[in-house]
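Topology and contacts: notes
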Amino acid sequence: MRTIWKGSLGFGLVNIPIKMYSATKDRRLDFDLIDRRNHARVRNKRVNEKTGEEVPYNEIVKAYKYEGKYVELTDEELERAEEEKNTIIQLDSFVEEEEIDEIYFKKPYYLSPEKGNKTGYGLLRDAMRKTGKVGIATIVMRGQEELAVIRPMGDALVLQKLRFMEEVNKTDDLELPHKVDIGGAQLDMAVELINQFTTEFDIHDYRDTYTEKLMKTIEAKAKGKKKPTPKKVETIPTKTKDLMAQLKASLSSNQPRMRAS
C-alpha cells in the first residue's frame with residue numbers, strides 16, 4: 001500500500017511516529033468519456049472564463065472571495081495555517097464508540113508505526129482495547145481540517161474520518177411519521193418477521209454483484225455478443241389495508257433469504 005501521510009500520533013505527552021494508508025479501495029468501474037464518432041478521449045481543460053483560453057497549470061493559484069474580491073493564498077501561507085496539525089494527530093479525548101452515531105463516519109485509514117516505534121503504538125492500541133474506548137482527534141489533510149476517531153482493529157489502529165455536525169442535514173424538512181397508528185398484532189408480526197430473518201452478520205456473505213454484472217456486459221459487448229435485455233422490475237407499494245395479509249403471507253411462506261455469495 002502507498003503511504004499517503006506521515007506524522008505523529010500523540011496522547012498526553014506520548015508521541016508515536018506513524019504512517020497512514022488508505023484502508024479501502026474503490027470498486028466502481030472507471031469510465032472514460034469519448035467521442036462516439038471516432039472513439040477519441042474527451043478531456044476537460046482549465047479555461048479562463050473571461051478569455052476562453054486554456055490556462056497553464058503554473059498560472060493557477062488558490063484564492064478566496066472576500067467582500068467581492070479574490071484574495072490569493074500561496075502554498076506557504078496555507079502550510080503555515082495548518083503547520084501544527086499537519087504533522088501530528090493529537091488525541092484530545094477518549095469516548096465510548098457507541099456514543100458516535102454511524103451517520104458521522106466517513107473514510108477509514110490504517111495507521112502503522114514507523115520503524116523502531118512499535119512499543120508506543122502497541123501500548124496505545126492495547127490500552128484502548130482494554131478500556132473499550134476510542135480516541136477523538138483533529139487532523140489537517142490536503143488543506144482541510146478533519147475530525148477523526150481512532151480505534152483498534154485486530155493488530156492495527158484505524159483512523160476514520162468523521163463528519164462535523166454542520167455537515168449532516170437535519171430531518172426537520174422531511175415528511176416523517178411521528179407515530180404510526182396500527183394495531184398491536186401488526187407490530188408483533190413485523191417483529192416476528194424481523195426475527196425470522198435475523199442472522200449473524202458476516203461481511204464475506206456479501207459482494208458487489210452490480211459491478212460484476214456490468215463487467216460481464218462489457219466483456220460480452222467486446223466479444224460482439226448481445227446480452228438479453230433484463231425485464232423491468234415494477235415495485236408496487238403495499239397498501240395500509242393489505243399490511244396484515246402481506247405480513248401473514250411473509251411469515252408462512254418465506255424462509256430467510258439467502259445472502260449473496
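Structural data are supplied above this passage.
This text gives an overview of the structure that appears in the document.

About the criteria used
- Residues numbered from 1 in each chain as written.
- Predicted model: local features only at pLDDT ≥ 70, side-chain atom pairs only at ≥ 80, totals over all residues.
- Heavy atoms only, no water.
- Helix = DSSP H or I, 4+ residues; strand = E, 2+ residues; numbered from the N terminus.
- Buried < 20%, exposed > 50% of the residue type's maximum accessible area, 1.4 Å probe, protein only.
- Contact = heavy atoms within 4.5 Å.
- Areas by Shrake-Rupley, 256 points an atom, 1.4 Å probe, with all protein chains shown as cover.
- 1 Å grid on protein atoms, 1.4 Å probe; cavity = no way out; pocket = protein on both sides within 12 Å on 5 of 7 lines; lining within 4 Å.
- Points joined across faces, edges and corners; volume = space filled by probe spheres on them.
- Nonpolar A, V, L, I, M, F, W, Y, C, P; charged D, E, K, R; others polar.
- Core = buried A, V, L, I, M, F, W, Y, C linked by side-chain atoms within 4.5 Å.
- Pairing = 2+ DSSP bridges.
- Axes fitted to C-alpha atoms, helices over the stretch in contact; angles between N-to-C directions.

Each helix and strand in the protein was counted, giving 5 helices and 11 strands. Per-residue burial over the protein gives 21% buried out of 261 residues. For the protein, restricting intrachain contacts to residue pairs at least 6 apart in sequence, the fraction spanning at least 24 positions comes to 66%. Here the protein has roughly 22,000 Å² of accessible surface; of this, 51% comes from carbon and sulfur atoms.

Attention now moves to unusual backbone geometry. Backbone geometry at H39 places phi at a positive 60 degrees, although glycine is not the residue there. Non-glycine residue E67 carries a positive phi angle of around 50 degrees. Looking at the element boundaries, E67 is found in the loop between β5 (62-66) and β6 (69-73).

By the element assignment, K19 lies in strand β2 (residues 14-22). Each C-alpha atom of the pair K19 and P113 lies 6.3 Å from the other, and the pair is 94 residues apart in sequence. Once residues within four sequence positions are removed from consideration, K19 is found in contact with T3, W5, K6, Y110, L111, S112 and E114.

Attention now moves to the layout of surface pockets. Roughly 440 Å³ of internal volume is contained in the largest pocket. If you trace the largest pocket, you find it lined by R46, V47, N48, E49, K50, V55, E59, I60, V61, A63, Y70 and E72. Within the lining of the largest pocket, the residues separate by chemical class into 6 nonpolar, 1 polar and 5 charged. In this structure, the second largest pocket spans a volume of roughly 260 Å³. Lining the second largest pocket are L29, D30, F31, D32, L214, T217, I218 and K221. Of the residues assigned to the lining of the second largest pocket, the class counts are 4 nonpolar, 1 polar and 3 charged.

Turning to the nonpolar core, a few remarks are in order. Among the nonpolar cores identified, the biggest contains 20 residues, and L9, M20, I89, L111 and I150 are the most heavily contacted of them. Looking at this core, the elements with two or more residues in it are β1 (3-11), β2, β7 (88-96), β8 (105-113), α2 (118-131), β9 (133-141), β10 (144-153) and β11 (156-162). Once residues lying within four places of it in the same chain are set aside, the contact partners of I150 are L9, I89, L91, L111, M128, V134, G135, L157, V158 and L159. Counting 7 residues, the second-largest nonpolar core is a separate cluster that includes F105, V134, L147 and L162.

Here we have 7 strands rolled up into a closed barrel, ordered β1-β2-β8-β11-β10-β9-β7, and mixed in their pairing. Along the sheet, successive strands turn relative to each other by an average axial angle of 40 degrees, direction set aside. Two strands pair when backbone bridges link them, and β8 and β11 are joined in this way by 5 bridges, in the antiparallel orientation. Within β11, the residue paired with P108 across the bridge is Q160. The sheet contacts of α2 involve β1, β2, β7, β8, β9, β10 and β11, and relative to β11 the element is tilted by about 70 degrees.

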